[in-house]
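# Summary of structural features
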Amino acid sequence: MNKITNHMPTAELQALDAAHHMHPFTANTALGKKGARIMTQGKGVWLTDSEGHRIIDGMAGLWCVNIGYGRPELGDAAKAQMDQLSYYNTFFQTSHVPAIALAAKLAELAPEGMDHTFFAGSGSEANDSNIRLVRRYWDVKGQPEKRVIIARTNGYHGSTIGGGSLGGMAGIHAHGGKLAGIVHIGEPNWWEQGGDMTPEAFGLMRAQELEAMILNLGVENVAAFIGEPIQGAGGVIIPPSTYWPEIQRIVDKYGILLIADEVITGFGRTGNWFGSQTFGIKPHIMTIAKGLSSGYQPIGGSIVCDEVAEVIGSDEFNHGYTYSGHPVAAAVALENLRIMQEEKIVEHVRDVAHPHLKAKWEALTDHPMVGEAKLVGLMGSIALTPNKATRAKFAADAGTVGYKTRERCFANDLIMRHVGDRMIIAPPLVITPDEIDVLITRARKSLDEAYKIVKDEGLFVAR
Ligand code: PXG
């Protein structure tokens, strides 16, 4: 076979892709007929595809390219580490400099008292580790019956059997099943589910479902609660202000472990190093991945508080991966964190990019199809609706209007995703005010075009 390169015609690449490549979360036969969009290059917040389009990436890849595409320092760090020590494991009483240095750096960045990291290759793997970590913790403490983990409907924690089971997405459970010993409470999604309640009252009510579930199961059976500070894949659901303080009160009262899944909210996304800091959450374990390396290498992990690390460390923990703390991934993650610190990227989010985007993002509510527009740090969503006052759904299958809007965004060289009928963004954290203006201009144009289509098709009607 000829070498496959960027210079091949798009149709040939698409045909090969369709013939051999199984895409995740995709109906592959249908995609094969349509042809995948093929990305060929990235620089900063910009992507180029095989047709030469210059696309502004409002999703930082898959919520991960925090420092932007194409920073040569990360490639240099990978090359240097491959030349020095391309691989060694961290089992059998050995260690290496990149894993040591990255774990120490994470202890410096993480909240007080969270000084230990167990490495994995991804967010899903890290959450699988968390299931074993919390159950093992209670075993060692002499309470092996404490095994149930409480999670939330429409939460996302990955797509391995463990991560998918922690997640509260029926479509994922339907494909391959769900582990026993994981239960779900409702999500703090006021827009869709809050009815006539105020957001604050609804947030409290949802948090109190945790207390009811603990009492229902018996606290002697409950190991932990897991939640994303802001649900990402579920549609950037920003919880009411009352939600996390009440969750924290309940976790503290019953002494169960709290896992904050920071895979998206970590590493500057919300304007602090971790979303837990933004929401005042005090977790025992934080799941990390994505922004840890800005997606330049696959790496994740669990940052663990001192007490849990001490208990787990008091005996052998029969768990780990060939690539736990992989030296090249760790070296690249370290270089990413060095750049984030030296270039003050978290401060840029907090003081420059967020304030600039917030005003323009929230102003989108003047659009006839936009009901609410919310943003924390650089993580935002808008709810599409045919009736803002009643927060009505469209008279079409959920996601129909969102999908049509996303198609217009694609046509206008903007990556803005849809989850159902919510549109979501999470651009690279290095986005400049000028680039934010481009993003907003393209978003408005796409919304206008989608609105016209939706009206013309008779879909701008409440269900
Ligand atoms: N936790 C959270 C909060 C995530 O967002 C994972 C765990 C799993 O990470 P890995 O590295 O195993 O993918 C994620 C991943 C989407 C989408 O459609 C989101 C994710 C992954 C794939 C698709 O928004 N988040």
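Values in this document were obtained by computation on a predicted structure and should not be read as measured data.

## With respect to the environment of Pro229
For Pro229, the position within the fold is in the loop between β7 (222-227) and α11 (243-254). Using a relative accessible area of 1% as the deciding quantity, one classes Pro229 as buried. With 91 residues separating them in the primary sequence, Pro229 and Trp138 have C-alpha atoms 24 Å apart. Filtering out sequence-adjacent residues up to four positions away, Pro229 remains in contact with Pro239, Trp244, Ala260, Asp261, Glu262, Thr265, Gly275, Ser276, Phe279 and Ile281.

## Points about the domain arrangement of the protein chain
It is common to give the size of an interface as the accessible area lost on bringing the parts into contact. Considered domain by domain, the protein chain is made up of domain 1 (37-67 + 344-456) and domain 2 (73-342). A separation of 26 Å is found between the C-alpha centroids of domain 1 and domain 2. With both sides pooled, the region where domain 1 packs onto domain 2 buries about 2800 Å², and carbon together with sulfur makes up 63% of that total. Of all residues in domain 1, Ile67, Met379 and Arg391 bury the most surface against domain 2, accounting for 27% of the area lost on that side. Applying the counting rule to domain 1 against domain 2 returns zero salt bridges. Linking domain 1 with domain 2 are 17 residue pairs in polar contact (both at pLDDT 80 or more), by the criterion used here.

## Some remarks on the packing of aromatic side chains
Between two aromatic rings, the relevant description is the distance of the centres plus the angle of the planes. Within the structure shown, the criterion is met by ten aromatic pairs. On the numbers, 6.5 Å between centres and 40° between planes, the contact of Tyr87 with Tyr88 is tilted. Centre to centre, the rings of Tyr243 and Trp244 are 5.4 Å apart; their planes meet at 80°, and the pair counts as edge-to-face. Exposure class is identical for Tyr243 and Trp244. Each is buried. Following the ring pairs from residue to residue traces out a cluster consisting of Tyr87, Tyr88 and Tyr323. Above the face of the Phe410 ring, Arg37 is positioned so that its terminal group lies 4.5 Å from the ring centre. It is Arg391 that lies over the ring of Trp191; its NZ or CZ is 5.9 Å from the centre.

## Digging into the packing of helix α10 (residues 199-217) against α11
Axis separation between α10 and α11 bottoms out at 7 Å; the angle between their running directions is 20°. Here α10 lies roughly parallel to α11, going by the angle between them. The two elements α10 and α11 meet at a crossing, and its hand is right-handed. For the pair formed by α10 and α11, the contact residues are Gly203, Leu204, Arg206, Ala207, Gln208, Leu210, Glu211, Ile214 and Leu215 on the first element and Tyr243, Glu246, Ile247, Arg249, Ile250, Val251, Lys253 and Tyr254 on the second. Split into classes, the residues belonging to the contact of α10 with α11 amount to ten nonpolar, two polar and five charged.

## Section: the environment of Tyr403
Tracing the backbone through its elements, the reader meets Tyr403 in helix α16 (residues 400-411). Note: C-alpha distance between Tyr403 and Arg422 (19 residues apart in sequence) is 9.5 Å. Not counting the four nearest positions on each side in its chain, Tyr403 is found in contact with Lys34 and His418.

## Considering the sheet that holds strand β14 (residues 417-419)
Reading across from one edge, β11-β12-β15-β14 is the order of the four strands in this open sheet, with antiparallel pairing throughout. Both outer strands of the open sheet, β11 (370-376) and β14, are each paired with one neighbouring strand and no more. In this sheet, neighbouring strand axes are inclined to one another by 25° on average, regardless of whether the strands run parallel or antiparallel. In terms of strand pairing, β11 meets strand β12 (residues 379-384) through six bridges, oriented antiparallel. Bridging across to β12, Lys374 finds its partner in Ser381. The strands touched by α16 are β12, β14 and β15 (422-425); relative to β14, the strand with the most contacts, the crossing angle is about 175°.

## Details of the site of the ligand
Neighbouring the ligand are 16 residues, the closest being Trp63, Gly123, Ser124, Asp261 and Arg417. Trp63 is positioned with one of its side-chain polar atoms (N or O) 2.8 Å from an oxygen atom of the ligand. Contact distances for the ligand include 3.1 Å between a nitrogen atom and a side-chain N or O atom of Lys290. Taken together, the elements giving at least two residues each to the shell around the ligand come down to α3 (60-63) and α6 (123-140). Among the elements that make up the shell around the ligand, the one with the highest residue count is α6 (three residues). When residues of the shell around the ligand are assigned to domains, at least three fall in each of domain 1 (37-67 + 344-456) and domain 2 (73-342).

Conventions used here
Residues numbered from 1 in each chain as written. Predicted model: local features only at pLDDT ≥ 70, side-chain atom pairs only at ≥ 80, totals over all residues. Heavy atoms only, no water. Helix = DSSP H or I, 4+ residues; strand = E, 2+ residues; numbered from the N terminus. Buried < 20%, exposed > 50% of the residue type's maximum accessible area, 1.4 Å probe, protein only. Contact = heavy atoms within 4.5 Å. Domains from an automatic or database assignment. Buried area = accessible area lost by both parts, 1.4 Å probe. Salt bridge = Lys/Arg side-chain N within 4 Å of Asp/Glu carboxyl O. Polar contact = N/O pair within 3.5 Å; in protein donor to acceptor, adjacent residues only side chain to side chain. Phe/Tyr/Trp six-rings, centres within 6.5 Å; stacked < 30°, edge-to-face > 60°. Lys NZ or Arg CZ within 6 Å of the ring centre and 35° of its normal. Axes fitted to C-alpha atoms, helices over the stretch in contact; angles between N-to-C directions. Parallel < 35°, antiparallel > 145°, perpendicular 65-115°, else oblique. Left-handed = near helix turned anticlockwise from the far one by under 90°. Nonpolar A, V, L, I, M, F, W, Y, C, P; charged D, E, K, R; others polar. Pairing = 2+ DSSP bridges. Near = heavy atom within 4 Å.

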